[in-house]
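One letter stands for each residue in the lines below.
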There are 2 protein chains.
Amino acid sequence: MSHLVIVGGSDAGISAALRARELDTRVQITMIVEDAFPNYSICGLPFYLSGEVPDYHQLAHRTREEITGAGIDLLLDHTAQAIGPEAHHVTVVDGAKQTQQIAYDRLILATGAKSRRPLIGGMDLPGVFPLHTMESSFQMQHYLQASSPRSALIIGGGYIGLEMADALTRRGLSVTLIEHGASVLKTVDPSLGTLVQAELWRQGVAVHTGIQVQQIATQQEHLCVSGTGGFEAHADIVLVAVGVEPRAELAQAIGAELGTQGAVRVSRTMATSVPDVFAAGDCVETWHRVLQGPTYLPLGTTAHKQGRIAGETVVGGERLFAGTLGTQVVKVFDLAIARTGLREHEARAAGFDPLTIEGTYLDHKVYYPGAQTVHLRLTADRRTGRLLGAQMVGSVQTEVAKRIDTLATALFHTMTVEALSDLDLSYTPPLGSPWDLMQMCAQQWSQTNVHREQQTERRA
Amino acid sequence: MSHLVIVGGSDAGISAALRARELDTRVQITMIVEDAFPNYSICGLPFYLSGEVPDYHQLAHRTREEITGAGIDLLLDHTAQAIGPEAHHVTVVDGAKQTQQIAYDRLILATGAKSRRPLIGGMDLPGVFPLHTMESSFQMQHYLQASSPRSALIIGGGYIGLEMADALTRRGLSVTLIEHGASVLKTVDPSLGTLVQAELWRQGVAVHTGIQVQQIATQQEHLCVSGTGGFEAHADIVLVAVGVEPRAELAQAIGAELGTQGAVRVSRTMATSVPDVFAAGDCVETWHRVLQGPTYLPLGTTAHKQGRIAGETVVGGERLFAGTLGTQVVKVFDLAIARTGLREHEARAAGFDPLTIEGTYLDHKVYYPGAQTVHLRLTADRRTGRLLGAQMVGSVQTEVAKRIDTLATALFHTMTVEALSDLDLSYTPPLGSPWDLMQMCAQQWSQTNVHREQQTERRA
């Protein structure tokens, strides 16, 4: 392989380029980036808009010089328009509308995802914003500075919606959040979502669930958002954050097989169905380690891992992507909400016989000052005792993010709930308890399961 | 089995009793406790002496009523004096010097450890204290209240010594700490111990290393501590914390096999070499999961786990103790210091070919306010790439304790350093980075090892 071309300069693309370079100092690497911001932390945008990150340049994981210094040729403000899979070239157009063809030996598509655009009226009104790219953030930042809005309405109670509720409240706006589901943060169970809602209310965010937004309109100087059940609210700015979808058009145009939710189907070495074309990150299907099959789960961590695998594959490596567990955490005001693996309904749909235990524990020994509650839901298979997933909510001081990492590592190794008590975890009274709270919950799970078995036997 | 007798009412004893009760509702359980404080958190004593825990009763993991309510008969202020292994009875003496014999079907020894008493003069002077039991804490608390000492000298820079330096500083005393090794906290490598020393100095603790204390004497109204190299310091109170040793006398007297450092030798079901006599906790040898052999590593977490296994064994269970990794964490002022597995010299002694990488990382993305450094040392085997151990130091906000738990879980599963990058860990900019710092360090380890291999090949 002499020329590697990568379309996309975010997490997956950069990881692929750096890994290929690390393993092969001779390969030529060209990266086609449609804006001027390679390797920016998209996950950091809410903190830029909150004012916590004063300068957007800080969001760069690496400077442009660090990237080119690693021997990666950057074509900024260049859009890949088409691929010639037989001829092995990519047609690229630059900002001056000049078109050129770039030949590749191997091609990695890391085109990412885009914000889903809901089918409601008024999406293009001034003051209505999506949030996914650097460009859309700049537009919003400009509007926030120029128009000094006093109120914001956020459509969508997922990660971005919640982080932006936090960000805009911090910025002094009065925030209303609308979620069409029964509780916010659909990635965790409703009992935990409800805790997040309570925190939002406590911080002054008005939360309305079970509402399908139907229309955004201008009314005098405000935007008016109306929805099912006669819902109506006014705001100076509206943020639409109802999820993302894969950008798979380039791959689709060359006949690459697509999978779940229209994402590019890839092997565990990140190969598409088209020879010499690979793909990674938010544009592809992700192999799930518990499901042992593909799913669509766009996350930055996964994009990094898949990019690294793709970068290894194209220079001759044979490493397999180990799979996602869907491990994720979000900070919303003073709460951290984390999960890994499957929730009960996902586990049931996958053919498991799940039992979920929810417990409330203190993050450290009660006698040491400052102990706070952590809510943990542990899901495991009744028949085998195998751990299937966990969800956790606690204040950011309760180390919820890293506790979920331990469970993710346990899940990676297909541990049983019983075996969690065998793990030799750290303890000091200010930071934990002799049995970590996850072990206490595991022991409670085992007892409940035994009890259920006994009851079932008696009935039988 | 109809009568289970347990000698000792701390972590191992209580865990054994509760587990036996959980699995067998009919077994009679008698617990012989030499003081009036069953199931107290000995690990919490420094926080009682610091004043952070105002009432020592708060240190009880469970109330006496909770223990007896679980059907465990408590014989408080009773000392087990001898065991009749043939007759299956324990000779017990109570506070009124009354002796009785208690018959057992199975016996669990959970007699714990005691403070090591160094061979220096002046150990019995007023104002000189060890710290291990509730009783010794009460004596020290009384002295602190009655004599209002203004300065303290601590002999020993291990966990207890460091926690007490923190505690007594918090209480307003001027503290000097003497360690005979080259750096404090010998459980981590000197480069990390040095960071702990810097924190002690920053907090006003005078630290002197490389000094062997030779004598404690009274000089006017003070205590004078002298040591090698002409060292001399005065203080109003002296705390001696130079480690612990197993209390194995009862077991030894019946011919039970002893092992490392005089601890009772046990199987992985916690059986001693004497029929129907089991042992667990700080009085026994601990099976080490990486060494695949016995060691002496008295820790509360291990005592709980071994007790649980012993409780299961005596009622007919066959579960094996999964082994210790020596996972531990201590909070010293604003620092948390954690480790798991082997250090380089331990790994080499065990026949591995270890390489250790030390890196400094930020606990979360640099652009989000409040990022702080974490120092990580990762040790793995050069030939196999197998992870062998890790040590970490960071402020208590950097989630060091729970990060080490993830590495402990990886170690539990015999992961390679390479595979650490496959772990699907959580990420949000305020709490981490897309590759967790342990994955960054792992990647650095792999590169260094490859580099070394290449150099070796070139030389060969």
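Being a predicted model, the structure only gives us computed values, none of them experimental.

Right, let's get into the relation of the copies chain B and chain A. Superposition record for chain B on chain A: RMSD 0.0 Å, screw rotation 180°, translation along axis 0.0 Å. With respect to symmetry, the two chain copies, as superposed, fit the operation of a two-fold axis. Minimal C-alpha separation from the rotation axis in chain B is found for Thr-406 of chain B, amounting to 2.2 Å. Mapped onto chain A, 100% of the interface residues of chain B are again interface residues, and the two copies thus contact each other with one and the same surface.

Residues and elements named next belong to chain A. With antiparallel pairing, the 5 strands of this open sheet are ordered in space as 21-22-25-24-23. Single-partner strands in this sheet number two, and they are strand 21 (328-332) and strand 23 (354-362). Across the sheet, the axes of successive neighbouring strands diverge by a mean angle of 10°, strand direction being ignored. Both strand 22 (residues 335-341) and strand 25 (residues 387-395) contribute to a ladder of 7 bridges, which runs antiparallel. Each residue of the ladder has a partner; that of Leu-335, found in strand 25, is Ser-395. Packed on one face of the sheet, helix 10 (residues 400-412) meets strand 21, strand 22, strand 24 (373-381) and strand 25 and runs near 175° to strand 25.

Below, the discussion takes up the UniProt feature "domain: FAD/NAD(P)-binding" (unreviewed entry) in chain A. UniProt feature "domain: FAD/NAD(P)-binding" (unreviewed entry): in the numbering of this structure it lies at residues 3-307 of chain A. As annotated, residues 3-307 of chain A comprises 25% helix and 30% strand, and the C-alpha atoms at either end are separated by 17 Å.

A separate point is the side chain of Ser-137 of chain A. All names here are of chain A. Its location among the elements puts Ser-137 in helix 4 (residues 134-147). Ser-137 sits in the buried class, given a relative accessible area of 0%. In this structure, Ser-137 is in contact with Leu-45, Tyr-48, Leu-49 and Leu-131, ignoring residues within four places of it in sequence.

Per the UniProt record, "domain: Pyridine nucleotide-disulphide oxidoreductase dimerisation" (unreviewed entry) is found at residues 329-432 of chain A. The span residues 329-432 of chain A shows a helical share of 22% and a strand share of 37%, and its end C-alpha atoms are spaced 20 Å apart.

A separate point is the sheet that holds strand 12 (residues 206-209) of chain B. Residues and elements named next belong to chain B. One open sheet accounts for 5 strands, arranged 9-16-10-11-12; its pairing is parallel. Here the strands that pair on one side only, and so sit at the sheet edges, are strand 9 (128-129) and strand 12. The sheet contact formed by strand 10 (residues 151-155) and strand 16 (residues 237-240) spans 4 bridges and is parallel. When the bridges of strand 16 are listed, Ile-154 appears paired with Leu-239. Packed on one face of the sheet, helix 4 (residues 134-147) meets strand 9 and strand 16 and runs near 160° to strand 16. Sheet contacts for helix 5 (residues 159-170): strand 10, strand 11 (174-179) and strand 16; angle to strand 11, the most-contacted strand, approximately 170°.

Next up on the list: the interface of chain B and chain A. Counting residues at the interface gives 67 residues for chain B and 67 residues for chain A. In total, chain B and chain A occlude about 6,000 Å² of area from one another, counting both sides; carbon and sulfur atoms represent 57% of this. Area buried by chain B at its contact with chain A is led by Tyr-367, Lys-402 and Asp-424 of chain B, which between them contribute 14% of it. Between Asp-436 of chain B and Lys-402 of chain A there is a salt bridge whose closest N-O contact spans 3.9 Å. Breaking the side of chain B that touches chain A down by element, the ones donating at least two residues are helix 1 (11-23), helix 8 (300-314), strand 21 (328-332), helix 10 (400-412), helix 11 (417-420) and helix 12 (437-459) of chain B. Here the side of chain B that touches chain A is built from residues that sort into 29 nonpolar, 21 polar and 17 charged.

Thresholds, definitions, all that
- Residues numbered from 1 in each chain as written.
- Chains lettered and ligands numbered in written order.
- Predicted model: local features only at pLDDT ≥ 70, side-chain atom pairs only at ≥ 80, totals over all residues.
- Heavy atoms only, no water.
- Least-squares fit on C-alpha atoms with pLDDT ≥ 70 in both.
- Contact = heavy atoms within 4.5 Å.
- Pairing = 2+ DSSP bridges.
- Helix = DSSP H or I, 4+ residues; strand = E, 2+ residues; numbered from the N terminus.
- Axes fitted to C-alpha atoms, helices over the stretch in contact; angles between N-to-C directions.
- UniProt positions renumbered as here; feature names shortened; annotations may be inferred.
- Buried < 20%, exposed > 50% of the residue type's maximum accessible area, 1.4 Å probe, protein only.
- Buried area = accessible area lost by both parts, 1.4 Å probe.
- Salt bridge = Lys/Arg side-chain N within 4 Å of Asp/Glu carboxyl O.
- Nonpolar A, V, L, I, M, F, W, Y, C, P; charged D, E, K, R; others polar.

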